[in-house]
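Spelled out, the chains give:
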Amino acid sequence: MNDQTPLDADELMNFAERIEQLPPADAGWVDCLFQECLRARMHEAELLSGLSDSAGTGKSSKEFAAQLAQVALDAAEWLETLWNVGYMGAGSFPAQPRTAFPLVELEDVLKSALFARIREGKRPLPFPPPTRQGLPWHDLVESQEETHVVEAEIVRDGQDQAIAAIIEACPDWQLVEEVARNREYIVQHRGKGPLFRLHLDSDTARLRREPPRWTRRIRLQERGGFRSYMLEWPQQDERVLAVALRAATWERAESEAGQWIAANYPEMYGQVSFERVE
């Protein structure tokens, strides 16, 4: 092959198939490099399109190229989450992270709640959310005070002690506290994310998110006309860790702080409220 001849689309897709066959230790970094090459190719195509198009059609072509590039970037983030976290959001996972990389079919793309979430501009959680009848239940994690009517049952051991819960066919709920025997429990999915109060009646079950248990400060700093936001996180040695947040508004700062907690303290995610300090 002539080194000066660009690879066509079929040749690039052949590389993608070969990457899937690599050992897990190599597949991760090779896929990252491959995705970067695809982004560079798309950027090149966008530039060439802008030079060759007429004034009347150039704008629409650029918009289409930008949309196509965004789809590629979103797909890369989706696959990265699948590899690092272990869930696709299409019902065929979860699996242990970095162990099995599935053959992604068109149906997976169309049905993936995770991919749809990324396409809406929302950031994926760094851990699998609860499922509802086999599908990711992001709304439950992100809703604040909504009460959900659910199908639920309590799992007990040989000594009749409550040890777990099955909620909406998801068996990964852990019991944090039995508030009232056979009636009310505090539960958490896989020990990560918000706490929920599960209330059982004779014919129905209700699930409601618990209010935050901790408060952390987000401090606004202004220097030389620039505004920045900082999350103050107390440490065990009584020192305070200052976490810089990439944000230009309070709302974005709180969102970034939540993502930092999810990545570093997933057992506290959704249980922290923020105090704004100027």
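Residues numbered from 1 in each chain as written. Predicted model: local features only at pLDDT ≥ 70, side-chain atom pairs only at ≥ 80, totals over all residues. Heavy atoms only, no water.

Novice: Tell me about unusual backbone geometry, and name the residues and values.
Specialist: A positive phi is found at Gln-133, a non-glycine position, where the angle reads about 55°. The topology assignment puts Gln-133 in the loop between strand S1 (131-132) and strand S2 (135-136). On the accessibility criterion, Gln-133 (49% relative accessible area) is partly exposed. For Asp-160, which is not glycine, the phi torsion reads 65° and is therefore positive. (Helix = DSSP H or I, 4+ residues; strand = E, 2+ residues; numbered from the N terminus. Buried < 20%, exposed > 50% of the residue type's maximum accessible area, 1.4 Å probe, protein only.)

Novice: Please set out the nonpolar core residue by residue, giving values where relevant.
Specialist: Judged by nonpolar contacts, the single largest core of 20 residues is most densely connected at Ile-218, Tyr-229, Leu-231, Trp-233, Leu-245, Ile-261 and Tyr-269. Counting only elements with at least two residues in this core, the list comes to strand S10 (214-223), strand S11 (226-234), strand S12 (240-245) and helix H7 (250-264). Looking at this core, the element that brings in the most residues is H7, giving 6 residues. Excluding its chain neighbours within four sequence positions, the residues that come into contact with Tyr-229 are Ile-218, Arg-219, Leu-220, Val-243, Ala-244, Leu-245, Ala-247, Ala-248, Thr-249, Trp-250 and Ala-253. (Core = buried A, V, L, I, M, F, W, Y, C linked by side-chain atoms within 4.5 Å. Contact = heavy atoms within 4.5 Å.)

Novice: Go over the packing of aromatic side chains, please, and point to the residues and values.
Specialist: Inspection of the entire model under this criterion finds 6 aromatic pairs. When the centroid spacing of 5.9 Å and the interplanar angle of 75° are considered together, the rings of Phe-127 and Tyr-269 count as edge-to-face. Placement of the pair is Phe-127 in the loop between helix H5 (113-119) and S1 and Tyr-269 in the loop between H7 and strand S13 (272-277), with a sequence separation of 142 residues. A residue is classified by how much of its surface remains accessible, and Tyr-269, at 13% relative accessible area, is buried. Summarising the aromatic geometry, the rings of Tyr-229 and Trp-250 are spaced 5.0 Å apart at their centres and angled 70° between planes, so their arrangement reads as edge-to-face. (Phe/Tyr/Trp six-rings, centres within 6.5 Å; stacked < 30°, edge-to-face > 60°.)

Novice: Just give me the short version of the pattern of salt bridges, but keep the residues and values in it.
Specialist: For the coordinates displayed, the defined rule picks out 15 salt bridges. The shortest N-O distance in the salt bridge between Glu-210 and Arg-197 comes to 3.0 Å. Separated by 13 residues along the polypeptide, Glu-210 in the loop between strand S9 (205-209) and S10 and Arg-197 in strand S8 (residues 195-200) bring together distant segments of the chain. A relative accessible area of 28% means that Arg-197 is categorised as partly exposed. The salt bridge involving Glu-232 is made with Arg-219; its shortest N-O contact spans 2.7 Å. With a gap of 13 residues between them, Glu-232 in strand S11 and Arg-219 in strand S10 connect regions that are remote in the sequence. (Salt bridge = Lys/Arg side-chain N within 4 Å of Asp/Glu carboxyl O.)

Novice: Tell me what's going on with H7, and back it up with residues and numbers.
Specialist: With 15 residues, H7 extends 21 Å from end C-alpha to end C-alpha; this agrees with the ideal 21 Å at 1.5 Å per step. Regarding H7, the residues found buried are Trp-250, Ala-253, Glu-256, Ala-257, Gly-258, Gln-259, Trp-260, Ile-261 and Ala-262. Residues of H7 that are buried sit in contact with S10, S11, S12 and S13. (Expected span 1.5 Å × (residues − 1).)

Novice: Could you give an account of the environment of Asp-203, naming the residues involved and the relevant values?
Specialist: Along the chain, Asp-203 falls in the loop between S8 and S9. A C-alpha to C-alpha distance of 9.6 Å links Asp-203 and Glu-151, two positions 52 residues apart in sequence.

Novice: Outline the side chain of Arg-209, supporting the account with residue identities and numerical values.
Specialist: By the element assignment, Arg-209 lies in strand S9. Within polar-contact distance, the side chain of Arg-209 engages the backbone oxygen of Val-141 at 2.5 Å. Separated by 3.0 Å, the side chain of Arg-209 and the backbone oxygen of Gly-270 make a polar contact. If near-sequence neighbours (up to four positions away) are discounted, Arg-209 is found in contact with Val-141, Glu-142, Ser-143, Gln-144, Glu-146, Pro-194, Leu-195, Phe-196 and Gly-270. (Polar contact = N/O pair within 3.5 Å; in protein donor to acceptor, adjacent residues only side chain to side chain.)

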